[in-house]
Amino acid sequence: MIRSPGFSRGTWRTLLILGRVSNLPTVWSNGLTGWVLGGGGDWDRFLALGLGLTALYLGGMYLNDAFDAQFDAQHRPERPIPRGAIGVTTVWKLGLGWLGTGLLILVLLGTKPALFAALLTVSILVYDAVHKMFAFSPVLMAACRLFVILLAASAGDDGVNGLSVWSALVLAAYVAGLSYIARGESMPTPLRHWPCLLLTAPLVLALIVNRGPYQPGGLLLGGILLVWMLRSLRPAFRAEHRNPGRSVAGLLAGICLVDLLAVGPQAPWLVPVFVGLFVLALLGQRFIPAT
């Protein structure tokens, strides 16, 4: 393949920053969680599911910057569009292209996955369009992650069941909590403590669900998640040198630990996979900003 002379290392980095690719391991983690809760099945279908979710995520992130071009020019001039690294028209085209590709792949998985893929796509577009305008926009971000879990479960052999629904709901609560905290990264609003309560939703579900032989594993994994959340929250709420962006990055990587808590006690053989995705998210944040 002939490489364009203008497609330099800087261009690649711009594309990676636009896609916030350091968060991709959390999307794969969500997909694996939903897939396992939905009964698993043919790994070729899981590969297609992963590719579709990856494309939808990248499309959503590109369109996020396209919609936010004017806001970022005032509040986040380091983003690729306002600093002139790429044109907004190009970002629109790339974002819509990724979104369309992801939707097409997921529609081919069947009627129910197609329905959830459509709901996820609409949620992504609505969030990107209005998230800077309304205080409830973190709920829309939470809906995106909820539909990722349900979409992945619907592609499994057993389909969507009660545990997958509850796991999707508590993940959505966690994402809503970190998204409310994230609003303080680029907007001059004081941080409130109540979103931290939303972060604890996965812990509550784990205490309810993990009974009998699953209880020790649930308590151990829940304790690990709790310690990570407390560690991540410190930079956002300390009196001096407040850094909500660092807290949000840690909580985003923690999505992998939320997923681990959802399936780890019942499927301990998957623990290394979720831990690997968690570490990959943290390593990715060293090179590509998570927000």
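Residues numbered from 1 in each chain as written. Predicted model: local features only at pLDDT ≥ 70, side-chain atom pairs only at ≥ 80, totals over all residues. Heavy atoms only, no water.

Chemist: Quick question: what am I supposed to make of the packing of aromatic side chains here?
Modeler: Here the distance between the centres and the angle between the planes together describe a pair of aromatic rings. One pass over the full model with this rule turns up seven aromatic pairs. Measuring from ring centre to ring centre gives 4.8 Å for Phe67 and Trp92, while their planes differ by 70 degrees; the resulting arrangement is edge-to-face. Taken together, the residues Phe67 in helix H3 (residues 43-67) and Trp92 in helix H5 (residues 88-107) connect sequence positions 25 residues apart. The partly exposed category is assigned to Phe67, whose relative accessible area is 34%. Its relative accessible area of 30% is what places Trp92 among the partly exposed residues. Here Trp228 and Phe278 contribute two aromatic rings whose centre-to-centre distance is 5.0 Å and whose plane-to-plane angle is 85 degrees, an arrangement assigned as edge-to-face. (Phe/Tyr/Trp six-rings, centres within 6.5 Å; stacked < 30°, edge-to-face > 60°. Helix = DSSP H or I, 4+ residues; strand = E, 2+ residues; numbered from the N terminus. Buried < 20%, exposed > 50% of the residue type's maximum accessible area, 1.4 Å probe, protein only.)

Chemist: What am I meant to see in the layout of surface pockets here?
Modeler: A water-sized probe rolled over the atoms picks out the places where empty space is left. Approximately 320 Å³ is the volume found for the largest pocket. In terms of lining, the largest pocket is formed by Trp228, Arg231, Ser232, Arg234, Pro235, Arg238, Arg246, Ala249, Gly250, Leu282, Gln285 and Arg286. Broken down by secondary-structure element, the contributors of at least two residues to the lining of the largest pocket are helix H11 (215-237), helix H12 (244-253) and helix H14 (271-285). It is H11 that contributes the most residues to the lining of the largest pocket, five residues altogether. Counted by class, the lining of the largest pocket contains four nonpolar, three polar and five charged residues. (1 Å grid on protein atoms, 1.4 Å probe; cavity = no way out; pocket = protein on both sides within 12 Å on 5 of 7 lines; lining within 4 Å. Points joined across faces, edges and corners; volume = space filled by probe spheres on them. Nonpolar A, V, L, I, M, F, W, Y, C, P; charged D, E, K, R; others polar.)

Chemist: Looking at this structure, how should I read empty space enclosed by the protein?
Modeler: Throughout the structure, instances matching the rule amount to two cavities of 30 Å³ or more. Of the volumes computed, that of the largest cavity is approximately 730 Å³. What lines the largest cavity is a set of 38 residues, among which Arg20, Met61, Asn64, Tyr127 and Met141 lie closest to the centre. Counting only elements with at least two residues in the lining of the largest cavity, the list comes to H3, helix H6 (111-130), helix H7 (137-154), helix H8 (162-186) and H12. If one sorts the elements of the lining of the largest cavity by residue count, H8 sits on top with seven residues. When its residues are assigned to classes, the lining of the largest cavity shows 20 nonpolar, eight polar and 10 charged. Each pocket or cavity is described by its volume, and for the second largest cavity that value is around 150 Å³. Around the second largest cavity, the lining comprises 16 residues; the ones closest to its centre are Ser167, Leu205, Ala206, Leu261 and Ala262.

Chemist: What is the right way to read the pattern of salt bridges from this model?
Modeler: Counting across every chain of the model gives four salt bridges. Taking the shortest distance from any N to any O, the salt bridge between Arg20 and Asp65 comes out at 2.9 Å. Taken as a pair, Arg20 in the loop between helix H1 (9-19) and helix H2 (24-37) and Asp65 in helix H3 lie far apart in primary sequence, 45 residues in all. Via salt bridges that share partners, Arg20, Asp65 and Arg79 belong to a single interconnected network. (Salt bridge = Lys/Arg side-chain N within 4 Å of Asp/Glu carboxyl O.)

Chemist: I tried to follow the environment of Arg231 on my own but got confused; where do I start?
Modeler: Looking at where Arg231 falls in the secondary structure, it is placed in helix H11. Residue Arg231 is classed as exposed on the basis of its relative accessible area, which comes to 51%. As a C-alpha pair, Arg231 and Gln74 span 157 residues in sequence and 31 Å in three-dimensional space.

Chemist: Is there a simple way to think about the packing of H3 against H6 in this case?
Modeler: For the pair H3 and H6, the least separation of the axes is 9 Å and the interaxial angle reads 15 degrees. Here H3 lies roughly parallel to H6, going by the angle between them. As for the relative orientation of H3 and H6, their crossing is right-handed in sense. Contacts from Arg45, Leu53, Leu56, Gly60, Leu63, Asn64 and Phe67 in H3 reach Pro113, Leu120, Thr121, Ile124, Leu125, Tyr127, Asp128 and Ala129 in H6. Its residues assigned to classes, the contact of H3 with H6 comprises 10 nonpolar, three polar and two charged. (Axes fitted to C-alpha atoms, helices over the stretch in contact; angles between N-to-C directions. Parallel < 35°, antiparallel > 145°, perpendicular 65-115°, else oblique. Left-handed = near helix turned anticlockwise from the far one by under 90°. Contact = heavy atoms within 4.5 Å.)

Chemist: Could you clarify how one ought to interpret the environment of Thr54 in this entry?
Modeler: As for its placement among the helices and strands, Thr54 is situated in helix H3. The residues contacting Thr54, other than those within four sequence positions of it, are Leu24 and Trp28.

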